[in-house]
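The lines below spell out each chain.
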Amino acid sequence: MTTPPTGHPGQQFDHVKAASLPQPYAAGRYNPTVLAVCQGLFTCAISIDLTLTALTGWQLAPDKSLATLPFALITVAGALVTWFAAFLIQRLGRRLSFALGAASCCVGGLVSVWSIWHGDFWTFCAGTALVGVFQAFAQYYRLAAADAVSDEFKSRAISTVLAGGVIAAIAGPALAAWSKDLFPSALFAGAYLVVAVMGALSVLVLLLLYRDVAPSQGSADAGAQASAPARTLGRIARTPVFIASVANNVAGSMVMMFIMTAAPLAAVACHHRIDDGAAIIQWHLVGMYAPSFFAGRLVKRFGLGAVLMAGLALNLACAVTAMASTSLPAFYAALLFLGIGWNFMFVGGTTLLARSYTPSEQAKTQGFSELLRYAATALATLGAGPLLARFGWQTLNVAILPILLLSALATAYWMLGQRAGQPRPA
């Protein structure tokens, strides 16, 4: 086994502990599976919060205009914490940092339960903000899996982690519906108790099964690059590989949230039932996570650039389908295309991000990229409703076309550099 870098304490590797583990485990090969379980638990928890928080806020708010504040705090807290989470992970290591993030979910769920029992709106806001902290840390699960393996296996490791959300994306809303009436005298309290349980289970899984490993060198020239002085964030941000990674991660997430947030409202406005709107979103969630079972293999077979372009093409198909018809089958098809397209762009964009930095540059690069993604996603979520009300469903889909074009140009620029034999990372 190669000697790991001896920088910050969070990434030092204990040779004695490694020697006592099976070799594949010591090499981090089991970690993606462990993180897939954690991804599933996270998706269940956040699905419950996203399903019921607006309703609970309406129930508790002293002023009904504040009803959506607890919901907004999930995203706001996640955006504020994501940058600092990257540096905490660097300092403490992933295992302990991820466990702390999951513990915040457990505490947040219990705080929410207490708040509902006592009718305290502001304490409930604190509880949902803590779940947002959990979300910030959970976003690094896929990057942790990617960092532990060589370039050849990064896409598959990322796909494995995201696959954990498949069942959870469907089970989360079902759990919310089942658990919200567990305590008849405190509506919704039972659901937030389930959120706390999901956080506690995540802590146990991480502490018992996850192991910090040294980051993979990735390629033949990575050793020399790892020993070179760390580049500034500005220099990293100008490299084609980082630009392409951000273009796909940010554009894919922004477009997905923009259309997904508006779709149920648009379906009802087009005279479909409310239940149809919910079913469209469930179908979309299947599209988001189910491709994770084979996206990594597609990257290996056809290449990363081809999968990224396929993701962009599927997002374009979503827009064209939505503009062509407002029938119920068109809504289903458009949202399915959107989900699969997001998955391809997210898996591919994360793979590029994991290739864009050396170990000493990891925290600032990951933190900056995730901060950009969170900010863009929050903007898309907030803007979808007002823009839909003013301009309509077809115009909303036209609006995503420039974003997709910019992402395609950034991806093509990186692909041309790869064909020209450009070194990585530059």
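Residues numbered from 1 in each chain as written. Predicted model: local features only at pLDDT ≥ 70, side-chain atom pairs only at ≥ 80, totals over all residues. Heavy atoms only, no water.

Novice: Describe the overall build of the protein chain, and please don't skip the residues or the numbers.
Specialist: Scanning the protein chain from terminus to terminus reveals 20 helices and zero strands. Expressed as a percentage of the 426 residues in the protein chain, the buried residues total 54%. Within the protein chain, residue pairs in contact and separated by at least 24 positions form 84% of the contacts whose partners lie at least 6 positions apart. Surface summary for the protein chain: the accessible area is close to 17500 Å², and the carbon and sulfur share equals 70%. (Helix = DSSP H or I, 4+ residues; strand = E, 2+ residues; numbered from the N terminus. Buried < 20%, exposed > 50% of the residue type's maximum accessible area, 1.4 Å probe, protein only. Contact = heavy atoms within 4.5 Å. Areas by Shrake-Rupley, 256 points an atom, 1.4 Å probe, with all protein chains shown as cover.)

Novice: A description of the packing of aromatic side chains should follow, citing residues and the corresponding values.
Specialist: As enumerated under the stated definition, the model contains 11 aromatic pairs in all. A ring pair is formed by Phe98 and Tyr141, whose centres lie 4.9 Å apart and whose planes are at 85°; its orientation type is edge-to-face. Residue Phe98 is found in helix α5 (residues 94–118), and its partner Tyr141 is found in helix α7 (residues 141–147); the two are separated by 43 residues along the sequence. A relative accessible area of 0% places Tyr141 in the buried class. Centre to centre, the rings of Tyr289 and Trp342 are 6.0 Å apart; their planes meet at 70°, and the pair counts as edge-to-face. A residue pair is termed long-range when its members are at least 10 positions apart, and Tyr289 in helix α14 (residues 274–289) and Trp342 in helix α17 (residues 328–355) qualify at 53 residues. One exposure class covers both Tyr289 and Trp342, and it is buried. Members of the aromatic cluster, connected to one another through ring pairs, are Phe98, Tyr141 and Tyr210. (Phe/Tyr/Trp six-rings, centres within 6.5 Å; stacked < 30°, edge-to-face > 60°.)

Novice: A description of a nonpolar patch on the surface should follow, citing residues and the corresponding values.
Specialist: On the surface, Leu110, Leu193, Val197, Leu201, Leu204, Leu208 and Leu209 cluster together into a nonpolar patch covering about 600 Å² of accessible area. Examining the composition of the nonpolar patch, we find that six residues originate from one element, helix α10 (residues 189–209), more than from any other. Mapped onto the secondary structure, Leu209 falls in helix α10. Judged by relative accessible area, Leu209 falls into the partly exposed class, the value being 43%. (Patch = residues over 30% accessible without salt bridge, like charges linked within 9 Å, V, L, I, M, F, W, Y side chains within 5 Å. Salt bridge = Lys/Arg side-chain N within 4 Å of Asp/Glu carboxyl O.)

Novice: Describe in detail the packing of helix α13 (residues 240–269) against helix α20 (residues 401–419), supporting the description with residues and values.
Specialist: Packing of α13 against α20 leaves a shortest axis separation of 8 Å and a crossing angle of 155°. As far as their axial angle goes, α20 and α13 are roughly antiparallel. For the element pair α13 and α20, the recorded crossing hand is left-handed. Of α20, the residues touching α13 (which contributes Pro240, Val241, Ile243, Ala244, Ala247, Asn248, Ala251, Met254 and Val255) are Ile403, Leu404, Ser407, Ala410, Thr411, Tyr413 and Trp414. (Axes fitted to C-alpha atoms, helices over the stretch in contact; angles between N-to-C directions. Parallel < 35°, antiparallel > 145°, perpendicular 65-115°, else oblique. Left-handed = near helix turned anticlockwise from the far one by under 90°.)

Novice: Quick one: what's the story with the nonpolar core, residue by residue and with numbers?
Specialist: One finds Leu35, Tyr141 and Trp393 to be the most contacted residues of the largest nonpolar core, which totals 113 residues. The biggest single contributor to this core is α13, with 17 residues. If we skip the residues at most four places from it in the chain, Leu35 touches Phe98, Tyr141, Ala144, Ala145, Val161, Leu206 and Tyr210. (Core = buried A, V, L, I, M, F, W, Y, C linked by side-chain atoms within 4.5 Å.)

Novice: I'd like a rundown of the side chain of Gln139, residues and numbers included.
Specialist: Tracing the sequence through the fold places Gln139 in the loop between α6 (121–138) and α7. Overall, Gln139 belongs to the buried group, its relative accessible area being 14%. Look past the residues within four positions of Gln139 in its chain and what remains in contact with it is Phe42, Glu370, Arg373 and Tyr374.

Novice: Outline the packing of helix α8 (residues 151–163) against α17, listing residues and values.
Specialist: Here α8 crosses α17 at 135°, and the two axes come no closer than 9 Å. Classified by the angle between their axes, α8 and α17 sit oblique to one another. Crossing handedness for the pair α8 and α17: right-handed. Side by side, α8 and α17 meet where Asp151, Lys154, Ser155, Ile158, Ser159 and Leu162 of the first sit next to Phe346, Val347, Thr350, Thr351, Ala354 and Arg355 of the second. Of the residues assigned to the contact of α8 with α17, the class counts are five nonpolar, four polar and three charged. (Nonpolar A, V, L, I, M, F, W, Y, C, P; charged D, E, K, R; others polar.)

Novice: Which residues make up the side chain of Ser369, and what are the values?
Specialist: Looking at where Ser369 falls in the secondary structure, it is placed in helix α18 (residues 362–391). Those residues in contact with Ser369 that lie beyond four places of it in its chain are Phe242, Val246, Asn249 and Leu353.

Novice: Could you give an account of unusual backbone geometry, with specific residues and numbers?
Specialist: Phi at Phe188 takes a positive value of approximately 85°, unusual for a residue other than glycine. Checked against the element boundaries, Phe188 lands in the loop between α9 (165–179) and α10. Phe188 gets classed as buried once you look at its relative accessible area, which sits at 7%. Positioned with a positive phi, His271 is a non-glycine residue whose angle comes to about 75°.

Novice: Would you mind going over the state of the cysteines in detail, with residue names and values included?
Specialist: Summed over all chains, the structure comprises zero disulfides. Cysteine Cys105 remains unbridged, with the sulfur of Cys106 as its closest cysteine sulfur at 7.2 Å. (Disulfide = S-S within 2.5 Å.)

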